[in-house]
Amino acid sequence: MKDNYSFVAFGDSITKGIIYDNEKCKYETLKENFASIIGKNINGSVANAGRFGSTIVRGMNKIYNDVIKKSPDVVLIEFGGNDCNYKWDDIAKNPNIKYRPNTDMFTFRETLLTMIDTLKDNHIFPALMTLPPLDYLKYFKWITKENSFSEENILHWLGTKDRLFTWHNSYSKIISAVACETNTVIIDVRAEFLKYGDYSQFLCKDGIHPNIRGQLLIATVILEFIKKSYSFLLCRGG
């Protein structure tokens, strides 16, 4: 055991703490995001390496500067929300051709495996996170901009609105499967959100980014996991 431990929170805009401000009608970075909350409760520090719009491939390309160079003890990994996303504006214009997600499932899985191996080879402890669920009704309104023409075309391409939820969930399932396959720690954030009948209360207007309450819930889930399995990482009385 050490006197203190260093963490890196590594992921996309959820890790960075991006929320949508309804009054200002724009995205902002929440200072009290889950990484900063954890940092106040552990015996050590947390560096936030979340990047807006990041995919797992971009994350892998930046893993040396964003993670390895910092020589952390633990890395919290959160990717997938951007990976499973599509170019909705293109689909809204022409729903009759094939489109690929930002990162296909095979590439997502293989890159996650490579990321885990890279971290372990550098004696860094990886901890995966499942994805907070999206609210497919909110998200559909967001990606269509509530434009009737876009709504019709995107729905034609999707088939049903709830496919947004199941497709997003399929990437979270890959994370869980990879964790099991590689014997890597996983923190099931998604399950905690889904315990609530109206988990949308934890999401922003866009239906995918956790709001202030959602960021706090993520932090709570992670801290409870640490308390249960790695209590020595917490501050005394944490």
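1. Some points on the packing of aromatic side chains
The geometry of two aromatic rings is summed up by the distance between their centres and the angle between their planes.
Part 1: Per the stated rule, a full pass over the model turns up 18 aromatic pairs.
Part 2: Plain terms: the ring middles of Y20 and W142 are 4.9 Å apart, the flat faces sit at 75 degrees to each other, and that makes the pair edge-to-face. With a gap of 122 residues between them, Y20 in strand β2 (residues 18-21) and W142 in helix α7 (residues 136-144) connect regions that are remote in the sequence.
Part 3: For W142, a relative accessible area of 28% translates into the label partly exposed.
Part 4: With centroids separated by 6.1 Å and ring planes inclined at 75 degrees, the aromatic side chains of Y27 and W142 adopt a geometry described as edge-to-face. Taken together, the residues Y27 in strand β3 (residues 26-29) and W142 in helix α7 connect sequence positions 115 residues apart.
Part 5: Members of the aromatic cluster, connected to one another through ring pairs, are Y86, W88, Y99, F108, W157, W167 and Y171.
Part 6: Taking the ring centre of W167 as reference, the NZ or CZ of R163 above it sits at 5.9 Å.
Part 7: Over the face of the ring belonging to F165 we find R190, whose NZ or CZ atom lies 5.2 Å from the ring centre.

2. Comments concerning the nonpolar core
Part 1: By size, the foremost hydrophobic cluster in this structure holds 29 residues, and its most contacted members are F7, F34, I38, L76, F193, I218 and I222.
Part 2: Looking at this core, the elements that each hand over two or more residues are β1 (5-11), α2 (34-39), β5 (74-78), β6 (125-129), β7 (185-187), α10 (189-194) and α11 (212-229).
Part 3: Residue contributions to this core peak at seven residues, all from α11.
Part 4: In this structure, I38 is in contact with V46, L76, A219, I222 and L223, ignoring residues within four places of it in sequence.
Part 5: Counting 26 residues, the second-largest nonpolar core is a separate cluster that includes M60, I63, Y171 and A179.

3. Considering the packing of α7 against helix α8 (residues 148-158)
Part 1: Running from N to C, α7 and α8 cross one another at 125 degrees; their axes reach a closest spacing of 9 Å. Relative to α8, α7 is oriented oblique. Between α7 and α8 lies a crossing whose hand is right-handed. The segment α7 lies against α8, with F140, I143 and T144 engaging S150, E151, I154, L155 and L158.
Part 2: In the contact of α7 with α8, the residues fall into five nonpolar, two polar and one charged.

4. A closer look at the layout of surface pockets
Part 1: Empty space within the largest pocket amounts to approximately 600 Å³.
Part 2: Together, 27 residues line the largest pocket, and N82, N85, Y86, W88 and Y139 are the ones closest to its centre.
Part 3: Elements with a minimum of two residues in the lining of the largest pocket: α1 (13-16), α5 (88-93) and α7.
Part 4: Per element, the largest residue contribution to the lining of the largest pocket is three residues, and it comes from α7.
Part 5: Looking at the lining of the largest pocket residue by residue, the class counts come to eleven nonpolar, nine polar and seven charged.

5. Details of the pattern of salt bridges
Part 1: In this structure the tally under the stated criterion is nine salt bridges.
Part 2: When the shortest N-O distance is used, the salt bridge between E32 and K40 registers 2.5 Å.
Part 3: We note a salt bridge from K195 to E192, for which the minimum N-O separation is 3.1 Å.
Part 4: What makes K195 exposed here is its relative accessible area of 61%.
Part 5: Under the relative-accessibility criterion, E192 is labelled partly exposed at 23%.

Rules used in this analysis
- Residues numbered from 1 in each chain as written.
- Predicted model: local features only at pLDDT ≥ 70, side-chain atom pairs only at ≥ 80, totals over all residues.
- Heavy atoms only, no water.
- Phe/Tyr/Trp six-rings, centres within 6.5 Å; stacked < 30°, edge-to-face > 60°.
- Helix = DSSP H or I, 4+ residues; strand = E, 2+ residues; numbered from the N terminus.
- Buried < 20%, exposed > 50% of the residue type's maximum accessible area, 1.4 Å probe, protein only.
- Lys NZ or Arg CZ within 6 Å of the ring centre and 35° of its normal.
- Core = buried A, V, L, I, M, F, W, Y, C linked by side-chain atoms within 4.5 Å.
- Contact = heavy atoms within 4.5 Å.
- Axes fitted to C-alpha atoms, helices over the stretch in contact; angles between N-to-C directions.
- Parallel < 35°, antiparallel > 145°, perpendicular 65-115°, else oblique.
- Left-handed = near helix turned anticlockwise from the far one by under 90°.
- Nonpolar A, V, L, I, M, F, W, Y, C, P; charged D, E, K, R; others polar.
- 1 Å grid on protein atoms, 1.4 Å probe; cavity = no way out; pocket = protein on both sides within 12 Å on 5 of 7 lines; lining within 4 Å.
- Points joined across faces, edges and corners; volume = space filled by probe spheres on them.
- Salt bridge = Lys/Arg side-chain N within 4 Å of Asp/Glu carboxyl O.

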